[in-house]
Amino acid sequence: MQNIKKIIYIFLTLALLGFITFLVAWQSDKAQIADLTFSPYTEKDLKESEKVIRDAFFYENEHDLEKLRELYSSKYANSDFRLFNLANLKLLEIKLPEQKNYPALNPNLNIERKNMIMYKVKYYVEFKDQTIEPMDNGEYEIYYFLIKENNRGNWKIESTGV
């Protein structure tokens, strides 16, 4: 009889530990799901930042260097964006990436998380003279990092890359 009580006691202890482990894991999953649905951006932020990318593609196609520079951060003030060799540029898709951890931007920028956003952008590019370009004509998918310089103002493209 004593052995049966010990077995029941051990069984109940293991069942209680299993139930507690289940509850902790369930709460953790709920927290992760909540974190994935949290966004520091308003609808206005999302629309305005996407518009910056769309406008950049438009002005690149139009070879409008002045308007294009207005959409990029101040570090691009003297860039020519190699527009002289651009034949055609077509924006195919803009989407927020699955990952929520952004690669580090220059820490000297002191940009708050809510003032930086990253998009995955798919596009097609065609050059006048492909031999002088570091990439071929074709379809590409890269990230666009946008910021609000000095944590205020309009969205600006800070960098692009893989």
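(A) Structural view of the overall build of the protein. The helix and strand inventory of the protein stands at three helices and four strands. Each helix and strand of the protein, ordered N terminal to C terminal, gives the series α-α-α-β-β-β-β. Taking contacts inside the protein between residues at least 6 apart in sequence as the whole, the part at least 24 apart equals 59%.

(B) Representation of unusual backbone geometry in the model. Backbone geometry places His63, a non-glycine residue, at a positive phi of 60°. Residue placement: His63 occurs in the loop between helix 2 (43–62) and helix 3 (65–70). Looking at His63, the relative accessible area reads 35%, which means it is partly exposed. Even without being glycine, Asn151 reaches a positive phi, approximately 60°. Here Asn151 lies in the loop between strand 3 (138–148) and strand 4 (155–161). For Asn151, a relative accessible area of 24% puts it in the partly exposed group.

(C) Molecular detail of the pairing of strand 3. With eight of its eleven residues buried, strand 3 lies for the most part within the structure. Relative to strand 3, strand 2 (residues 116–127) is paired through ten bridges, and the arrangement is antiparallel. Considered in strand 3, the bridge of Tyr124 is made with Glu139. Between strand 3 and strand 4, which pair antiparallel and follow one another directly, the connecting turn spans six residues, one of which, Asn150, has a positive phi of 55°.

(D) Region of the structure containing the layout of surface pockets. Considered as a void within the structure, the largest pocket measures approximately 530 Å³ in volume. Around the largest pocket, the lining is made up of 20 residues, and of these Glu60, Phe81, Tyr123, Met135 and Thr160 lie nearest the centre. Its residues assigned to classes, the lining of the largest pocket shows 15 nonpolar, two polar and three charged.

(E) Region of interest: the environment of Asn61. Among the secondary structure elements, Asn61 is positioned in helix 2. Sequence separation between Asn61 and Leu86 is 25 residues, and the spatial gap between their C-alpha atoms is 7.5 Å. The residues contacting Asn61, other than those within four sequence positions of it, are Leu86, Asn88 and Leu89.

Quick notes on the rules
Residues numbered from 1 in each chain as written. Predicted model: local features only at pLDDT ≥ 70, side-chain atom pairs only at ≥ 80, totals over all residues. Heavy atoms only, no water. Helix = DSSP H or I, 4+ residues; strand = E, 2+ residues; numbered from the N terminus. Contact = heavy atoms within 4.5 Å. Buried < 20%, exposed > 50% of the residue type's maximum accessible area, 1.4 Å probe, protein only. Pairing = 2+ DSSP bridges. 1 Å grid on protein atoms, 1.4 Å probe; cavity = no way out; pocket = protein on both sides within 12 Å on 5 of 7 lines; lining within 4 Å. Points joined across faces, edges and corners; volume = space filled by probe spheres on them. Nonpolar A, V, L, I, M, F, W, Y, C, P; charged D, E, K, R; others polar.

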